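Each chain is listed here by its residues.
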Amino acid sequence: QVQLEESGGGLVQAGGSLRLSCVASGRSFSDYVMGWFRQAPGKEREFVAGISWNGDRTFYADDVKGRFTISRDNAKNTAYLQMNSLLPEDTGVYYCAAEGSSRYPSRASSGYGYWGQGTQVTVSS
């Protein structure tokens, strides 16, 4: 098993930046693919970005490509989501997720067995 804890959320002006962090504990972090999801009020949780177990492949939702960057530091058991050029539409609770049974991340929530508690991101217009 693995436990995940997100941090780095907050209130930011449109056009600004935030970096989210997800620290993992439990099993070896390098065994897990990682993903970031978000959920806005009244909407379903949606895929934002994913990264392979060794960091060599990344995947993004179309509406965040060019603005967000997912990365990981296995030595620190941490995954990151750098968010630039933030828009009000990016507002929501951001969750990190982990899965140890596959090499590449899924775009579906069902593809991950472990989830963090979430961190709130609010982008003002």
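Residues numbered from 1 in each chain as written. Predicted model: local features only at pLDDT ≥ 70, side-chain atom pairs only at ≥ 80, totals over all residues. Heavy atoms only, no water.

Q: Hey, could you run me through the sheet that holds strand β8 (residues 78-83) in this one?
A: Sheet strands pair via backbone hydrogen bonds, and the direction of the pair is either parallel or antiparallel. One open sheet accounts for four strands, arranged β1-β3-β8-β7; its pairing is antiparallel. Two strands bound the open sheet, and with one partner strand each, they are β1 (2-7) and β7 (68-73). Across the sheet, the mean angle separating the axes of adjacent strands is 15° when strand polarity is ignored. In terms of strand pairing, strand β3 (residues 18-26) meets β8 through six bridges, oriented antiparallel. Paired with cysteine 22 across the bridge in β8 is alanine 79. (Pairing = 2+ DSSP bridges. Helix = DSSP H or I, 4+ residues; strand = E, 2+ residues; numbered from the N terminus. Axes fitted to C-alpha atoms, helices over the stretch in contact; angles between N-to-C directions.)

Q: Please clarify how the pairing of β8 should be interpreted in this entry.
A: The two faces of the sheet receive side chains in turn, since in a regular strand these alternate between them. Within β8, five of the six residues are buried, which leaves the element mostly enclosed by the surrounding structure. As judged from the six bridges shared by β7 and β8, these two strands associate in the antiparallel manner. Looking at the pairing, phenylalanine 68 lines up with methionine 83 of β8. (Buried < 20%, exposed > 50% of the residue type's maximum accessible area, 1.4 Å probe, protein only.)

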